[in-house]
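Now for the letters of each chain:
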Amino acid sequence: MEPTVGYARLADARIAYQVIGDGAIDLVYTAGSFGSFDMDWEDPMAQVFLRRLAAFARVIKFDRRGTGASDPLPLDALPPWESFVEELEAVMDSVGSAHAAIWAAYDAGPMAMLFAATKPERTAALILVHTGAKYLVGPDYPAGITEEEAAALMKAMSDGWGTDQHVLNQVPSRKDDQRFRLWYAKKTRAIAGPAAAQAYFIANLRADARALLPSIQVPTLIIQRENYRFVPAKFGRYLNEQIEGSRLVELPGSDGPLIWEHPDLALDAIEEFLTGIRPPRATTRLMTTVLFTDIVDSTKRAEELGDRQWRSVLDVHDDTARRLVEENGGHVVKTTGDGVLATFDGPGRAIRAAARMCDQLRRMDLEIRAGIHTGEVELRAGDVGGVAVHLAARVMSTAMPGEVLVSRTVRDLVAGSEWAFRDRGSHQLKGIEGEWQLYAVDIAAAPAAV
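It should be emphasised that the depicted structure is a prediction, and the values quoted were computed from it without experimental measurement.

**Student:** I'd like a rundown of helix α14 (residues 387-398), residues and numbers included.
**Tutor:** Three- or four-residue spacings in an α-helix give side chains the same orientation, since the helix completes a turn every 3.6 residues. Counted at 1.5 Å a residue, the expected span for α14 with its 12 residues is 16 Å, and the 17 Å between its end C-alpha atoms agrees. Here α14 has its buried residues at Ala-388, Val-389, Leu-391, Ala-392, Ala-393, Val-395 and Met-396. Elements that come into contact with the buried residues of α14 comprise β9 (285-295), β11 (340-344), β12 (368-380), β13 (383-385), β14 (404-407) and β16 (435-441).

Below is the structure:
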C-alpha cells in the first residue's frame, strides 16, 4: 500500500496526484483548494486514516493547480469552476479511472457538485464534507452567514495561516499537542501562503451552486461536524434538503478534517456508503450550459446578397461557430439556419466561445447576438430539450446586436472569474414564468485571450 505519485497534464500545466490501494472502487479525494498530499504521510493518524480508506478503495488524491506539488498560479488568475472539472478528468484519465466516487471538502464542494451534475457518467457517487452551495446569507438562503461573520472567519484564517495558531481554527481537538501544532503549521505553509489562502476564501464567498443541486442524480453522502466553525451544520442540512435521495451524517466535534476527531465514525459512514453503491442508472437528464446564437437581420442580409452568396456566408458562419465552440470544450447540437445551439460543461467556456464568435464574425461583417443559461436539459437522440433550452433561446432573443446576454444563474456560477457583466434588469421572457434578471457580458473588458 505504498503510495505512487504522478503528474497529469492539462495543456501546459502539471497536476500532481497520488494513488494508494487497489480496491474495486475508485475514490478521488480532494480537500478543496488546500492540498499537499506529501505532508499527510508525516502524521501517524493521517497514515492510518488513508490506509483504512485504501483497504476498500483505490484512493486518488490530487493537489489543485496553484497548491501543493502542482504547478503554481498567480493569485489574480485562480482557476474557474470548470477548471476543477478539467483537472479532475485529467487526473482520472491519467490513472485510468473511467468512473469514480468524488470526495470534496470546503471550497471544492461546489466544483464537485458541478462535476456530478455535468458528468454523471463518470461519477459513481458524491461525498461532500464541510461544504455548502452558497456561503453568504440572502433573502432566499437563510442557511448562509452574514458578511460580518464571513469577514471575521476570513481574518481568523489569514491571521493564523502558517502558524501553530491555525490548529485552533481547523483542528481544535489537537490544540494541546505541541508537536502536532508545529507539524500542522508546516503543512499549511507547504500548501500555500496566507495571501493565496485568503484569495481562495474570497472566491468561495462568491460561489453560488444552488442551481446545480436538483440535477445531482448520483448517490450523495453529506458529512458535517456539529460544531465546525468555518462551515456551520446548517450548510449540510440545506444540501441534504435540496439533493434528492442524499444522506446526511452529522458527526460530533469541531474539527474541519475528518482525520483526528472520531475518525472511525467518518470512515465507517464512508465505507458503508461506498461499498453499498450500485452502478448509476442511465440518465436522460443532466445539468449543462446552453448557448443560442443568431445572425442579426439575417432575412434582410439574405435578400441583399441573394441565395448563393448568402449560402456561402452561412457556411463561413457555421464553420467559425463550430470551431470556436469545440475549441472551448463545447458541443454544437445543431445549426438553426442563421445561428447555433451548443452545450458546454461549464458556463465560463460558453461565455468565452460566444465572446469570440461575436468578435470574429464581426470582422467578417456579420453581427450576432447570443444567449446563455445553465440548467437541466433532456437528451433526445442527439438533440436537447427542456425549459433550460427554451430559456436560453429567450435570453438570446432579448439580446442587442453584438451582445452576449446571460441569465443570473450563469452570472452567479462564474462569480469571482475574469468576466465582467452589466446589469440589464429584470425581464419577462415569452413562454417562461416569472421575472428573469439578465446580464450582458462586458466583452470590451473580456480577458485578452478572447
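**Student:** How would you explain the pairing of strand β1 (residues 4-10) if you had to name every residue and give the values?
**Tutor:** Relative to strand β2 (residues 13-20), β1 runs antiparallel, the two sharing 7 bridges. The residue of β2 that forms the bridge with Leu-10 is Ala-13. Once β1 ends, the chain turns through 2 residues before running back antiparallel as β2, passing Ala-11 with a positive phi of about 60 degrees.

**Student:** Describe empty space enclosed by the protein, listing the residues and the values that go with them.
**Tutor:** Applying the stated rule across the entire model yields 1 cavity of 30 Å³ or more. Each pocket or cavity is described by its volume, and for the largest cavity that value is around 640 Å³. When grouped by side-chain class, the residues that make up the lining of the largest cavity number 27 nonpolar, 11 polar and 6 charged.

**Student:** Could you give me a rundown of the pairing of strand β10 (residues 331-335), with the residues and numbers involved?
**Tutor:** Sheet topology note: the β10/β11 ladder contains 4 bridges and is antiparallel. For Lys-334, the partnering residue across the bridge sits in β11 and is Leu-341. Counting the residues that bridge the hairpin from β10 to β11 gives 4 residues, and of these Gly-337 lies at a positive phi of roughly 95 degrees.

**Student:** Could you give me a rundown of the packing of helix α2 (residues 44-54) against helix α10 (residues 263-275), with the residues and numbers involved?
**Tutor:** Two numbers describe how α2 lies on α10: the axes approach to 11 Å, and their chain directions differ by 15 degrees. By the criterion of interaxial angle, the relationship of α2 to α10 is roughly parallel. Crossing hand, α2 versus α10: right-handed. Across the interface between the two elements, Met-45, Phe-49, Arg-52 and Leu-53 of α2 pack against Pro-263, Asp-264, Leu-267, Asp-268, Ile-270 and Glu-271 of α10. Of the residues that constitute the contact of α2 with α10, the class distribution is 6 nonpolar, no polar and 4 charged.

**Student:** Provide a residue-level description of the pattern of salt bridges, including the pertinent values.
**Tutor:** Within the structure shown, the criterion is met by 37 salt bridges. The residue Arg-52 makes a salt bridge to Asp-268 at a minimum N-O spacing of 2.7 Å. With Arg-52 in helix α2 and Asp-268 in helix α10, this residue pair connects regions lying 216 residues apart in the sequence. In this structure Arg-52 comes out as partly exposed when scored by relative accessible area, which is 24%. The exposure class of Asp-268 is partly exposed, given its relative accessible area of 41%.

**Student:** An account of the sheet that holds strand β3 (residues 25-30) is requested, with residue identities and associated values reported.
**Tutor:** Strand order in the open sheet formed by 8 strands is β1-β2-β4-β3-β5-β6-β7-β8, with mixed pairing between adjacent strands. The open sheet has two free edges, formed respectively by β1 and β8 (247-251), since each of these has just one partner strand. Neighbour to neighbour, the strand axes of the sheet diverge by 20 degrees on average, direction disregarded. Note: β2 against strand β4 (residues 57-62), 4 bridges, orientation antiparallel. Residue pairing across strands places Val-19 opposite Ile-60, the latter belonging to β4. The sheet contacts of α10 involve β3, β5 (100-105), β6 (123-129), β7 (220-225) and β8, and relative to β6 the element is tilted by about 160 degrees.

How each quantity is defined
Residues numbered from 1 in each chain as written. Predicted model: local features only at pLDDT ≥ 70, side-chain atom pairs only at ≥ 80, totals over all residues. Heavy atoms only, no water. Helix = DSSP H or I, 4+ residues; strand = E, 2+ residues; numbered from the N terminus. Expected span 1.5 Å × (residues − 1). Buried < 20%, exposed > 50% of the residue type's maximum accessible area, 1.4 Å probe, protein only. Contact = heavy atoms within 4.5 Å. Pairing = 2+ DSSP bridges. 1 Å grid on protein atoms, 1.4 Å probe; cavity = no way out; pocket = protein on both sides within 12 Å on 5 of 7 lines; lining within 4 Å. Points joined across faces, edges and corners; volume = space filled by probe spheres on them. Nonpolar A, V, L, I, M, F, W, Y, C, P; charged D, E, K, R; others polar. Axes fitted to C-alpha atoms, helices over the stretch in contact; angles between N-to-C directions. Parallel < 35°, antiparallel > 145°, perpendicular 65-115°, else oblique. Left-handed = near helix turned anticlockwise from the far one by under 90°. Salt bridge = Lys/Arg side-chain N within 4 Å of Asp/Glu carboxyl O.

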